[in-house]
Amino acid sequence: MASLEQKYNKLLKRVGANLKRIRTSRALSQTDMTGYGFELRYYQRLESGKHSPSLFTLFKLADALGCDISEFLN
């Protein structure tokens, strides 16, 4: 059975993959996301699942990408 930490890391990877999928479907680059107030390296870490975004950051990302926050978790 997976530990809580393993489940959390899997969720972070899913959020990152969904973030990348949504961003690319809108023909945006990672660099384009800096125009929405995200530092490039920080944004790259979000997409790679190496950083845990706050709830505020998820709302900010959803607003920038024109999607619902739930799309990051699906």
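First, a word on scope: everything that follows refers to the structure included in this document.

1. Details of the pattern of salt bridges
Right, so step 1: By the definition in use, this model includes 1 salt bridge.
Right, so step 2: A salt bridge links arginine 23 to glutamate 47, with the shortest nitrogen-to-oxygen separation between them at 2.5 Å. In this pair, arginine 23 is assigned in helix α1 (residues 4–25) and glutamate 47 in helix α2 (residues 40–47), connecting sequence segments 24 residues apart. Each member of the pair, arginine 23 as well as glutamate 47, carries the same accessibility label: buried.

2. Observations regarding the packing of aromatic side chains
Right, so step 1: Taken as a whole, this structure holds 1 aromatic pair when the rule is applied.
Right, so step 2: Ring geometry for phenylalanine 38 against tyrosine 43: centres 6.2 Å apart, planes inclined by 55°, an arrangement best described as tilted. In terms of burial, phenylalanine 38 and tyrosine 43 fall into one category: buried.

3. What about helix α3 (residues 55–65)?
Right, so step 1: Every buried residue belonging to α3 is among Thr57, Leu58, Leu61, Ala62, Ala64 and Leu65, and all of these are buried. For α3, the buried positions fall inside an angular range of 165° around the axis, keeping them on one side. Those residues of α3 that are exposed and angled more than 90 degrees off the buried face are Leu55, Phe56 and Asp63.
Right, so step 2: Buried residues along α3 sit against α1 and α2.
Right, so step 3: Positive backbone phi, approximately 65°, marks glycine 66, located one or two places after α3.

Quick notes on the rules
Residues numbered from 1 in each chain as written. Predicted model: local features only at pLDDT ≥ 70, side-chain atom pairs only at ≥ 80, totals over all residues. Heavy atoms only, no water. Salt bridge = Lys/Arg side-chain N within 4 Å of Asp/Glu carboxyl O. Helix = DSSP H or I, 4+ residues; strand = E, 2+ residues; numbered from the N terminus. Buried < 20%, exposed > 50% of the residue type's maximum accessible area, 1.4 Å probe, protein only. Phe/Tyr/Trp six-rings, centres within 6.5 Å; stacked < 30°, edge-to-face > 60°. Arc of directions from axis to C-beta. Contact = heavy atoms within 4.5 Å.

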